[in-house]
Amino acid sequence: VTIFSESSGKLTVKAKAVRRTLSKLAGGLELLYLSQFHLVQGNSSYTVAEVAPIKVYPAIHRDFRRTELAFFCAEVVNRLTEEGTAQRPIFNLLQQALDFIESAGEPRHLLAGWFLLNFLALEGVTPELNKCLFCHRELQEGELFWSHAQGGLLHREHAGIDAAAKPIEVNLL
């Protein structure tokens with residue numbers, strides 16, 4: 001089982017006998033639960049000794065769109081974090097996202113972008129949205145281009161440095 005902990009970050013742990021009908025662990029090992037774990041250090045990995053759910057997210061588990069958003073956030077964290085590295089800000093961001101998904105009405109469609117931008121910022125990767133990536137002058141009204149490869153915005157006259165740069169509306173920023 002992969003868990004993401006406040007103090008240890010991402011951990012892959014063993015959960016013995018969790019599939020048995022009367023397993024004590026099954027209730028706290030549900031997907032997208034906030035749970036408290038008691039882990040036992042083995043030779044090469046941890047084993048779950050006890051688990052107790054702290055917070056469940058019933059709206060996320062009942063609604064496919066909410067589940068999809070929650071899995072997106074969990075997948076970003078799972079794929080883009082290293083195992084065994086404490087990352088409290090990312091833990092807090094994930095918990096904040098799950099709380100929002102659980103309680104918010106529509107529209108929730110902006111959450112994925114918000115989560116990804118905040119996650120990347122915590123990892124030290126942020127797009128340049130205030131200055132042209134090429135000339136470093138402040139961005140002004142006019143036609144601007146988004147460069148995925150360069151990671152930010154370009155003035156019209158510099159859009160040629162990235163053939164894939166796309167025009168972007170100023171009011172979108």
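Described in the following lines is the structure provided in the data block. These numbers come from a predicted model, not from an experiment.

**A look at the sheet that holds strand β4 (residues 46-55)**
Across the sheet, 4 strands lie side by side as β1-β2-β4-β3; this open sheet has mixed pairing. Edge positions in the sheet fall to β1 (2-5) and β3 (34-41), since each has one partner strand and no second. This sheet shows a mean twist of 40 degrees between the axes of neighbouring strands, independent of strand direction. The sheet contact formed by β3 and β4 spans 8 bridges and is antiparallel. Within β4, the residue paired with L39 across the bridge is V48. Helix α3 (residues 88-103) rests against β1, β3 and β4 of the sheet, and its axis sits at about 105 degrees to β1.

**Let's talk about the packing of α3 against helix α4 (residues 111-122)**
Where α3 meets α4, the axes come as close as 10 Å, and the angle between the chain directions of the two elements is 170 degrees. By the criterion of interaxial angle, the relationship of α3 to α4 is roughly antiparallel. Residues P89, I90, L93, L94, Q96, A97, F100 and I101 of α3 form the contact with α4, whose participating residues are L111, W114, F115, N118, F119 and L122. Tallied by class, the residues present in the contact of α3 with α4 amount to 12 nonpolar, 2 polar and no charged.

**Here's the deal with the pairing of strand β5 (residues 144-147)**
Pairing analysis gives 4 bridges linking β5 to strand β6 (residues 152-155), with the strands arranged antiparallel. Within β6, the residue paired with S147 across the bridge is G152. Looking at chain direction, β5 and strand β7 (residues 166-168) are connected through 3 bridges and run antiparallel. Bridging across to β7, L144 finds its partner in I168.

**Some details on the packing of aromatic side chains**
This model, assessed by the stated rule, comprises 2 aromatic pairs. Seen from their ring centres, F4 and F91 are 6.5 Å apart, and the 15 degrees between their planes marks the pair as stacked. Of this pair, F4 sits in strand β1 while F91 sits in helix α3, and the two are 87 residues apart along the sequence. Under the relative-accessibility criterion, F4 is labelled buried at 17%.

**Quick look at the pattern of salt bridges**
Scanning all chains against the criterion turns up 6 salt bridges. With its nearest N and O atoms 3.6 Å apart, the salt bridge here joins E6 to R88. Highlighted residues: E6 in the loop between β1 and β2 (9-14) and R88 in helix α3, separated in sequence by 82 residues. Owing to a relative accessible area of 35%, E6 belongs among the partly exposed residues under this scheme.

**A closer look at the nonpolar core**
What tends to happen in soluble globular proteins is that the nonpolar side chains get buried as a cluster. Membership of the largest hydrophobic core comes to 20 residues, with the highest contact counts inside it found for I60, C73, V77, L98, I101, F115 and F119. Mapped onto this core, the elements with two or more residues apiece are α2 (64-80), α3 and α4. When residues in this core are grouped by element, the largest group, 7 residues, is from α3. If we ignore the near neighbours within four places in the chain, the residues touching L98 are L32, Y57, I60 and A70. C132, L139, L153 and L154 belong to the second-largest nonpolar core, a separate cluster that totals 9 residues.

**Digging into α4**
Over its 12 residues, α4 runs 16 Å from end to end, which matches the ideal 16 Å to within 8%, given 1.5 Å per residue. Of the positions making up α4, those classed as buried are L111, F115 and F119. Down the axis of α4, the sector holding all buried residues measures 60 degrees, keeping them to one side. Of the surrounding elements, those touching the buried residues of α4 are α2 and α3. Taken from the residues just after α4, G124 is the one with a positive phi, measuring 90 degrees.

Cut-offs applied
Residues numbered from 1 in each chain as written. Predicted model: local features only at pLDDT ≥ 70, side-chain atom pairs only at ≥ 80, totals over all residues. Heavy atoms only, no water. Pairing = 2+ DSSP bridges. Helix = DSSP H or I, 4+ residues; strand = E, 2+ residues; numbered from the N terminus. Axes fitted to C-alpha atoms, helices over the stretch in contact; angles between N-to-C directions. Contact = heavy atoms within 4.5 Å. Parallel < 35°, antiparallel > 145°, perpendicular 65-115°, else oblique. Nonpolar A, V, L, I, M, F, W, Y, C, P; charged D, E, K, R; others polar. Phe/Tyr/Trp six-rings, centres within 6.5 Å; stacked < 30°, edge-to-face > 60°. Buried < 20%, exposed > 50% of the residue type's maximum accessible area, 1.4 Å probe, protein only. Salt bridge = Lys/Arg side-chain N within 4 Å of Asp/Glu carboxyl O. Core = buried A, V, L, I, M, F, W, Y, C linked by side-chain atoms within 4.5 Å. Expected span 1.5 Å × (residues − 1). Arc of directions from axis to C-beta.

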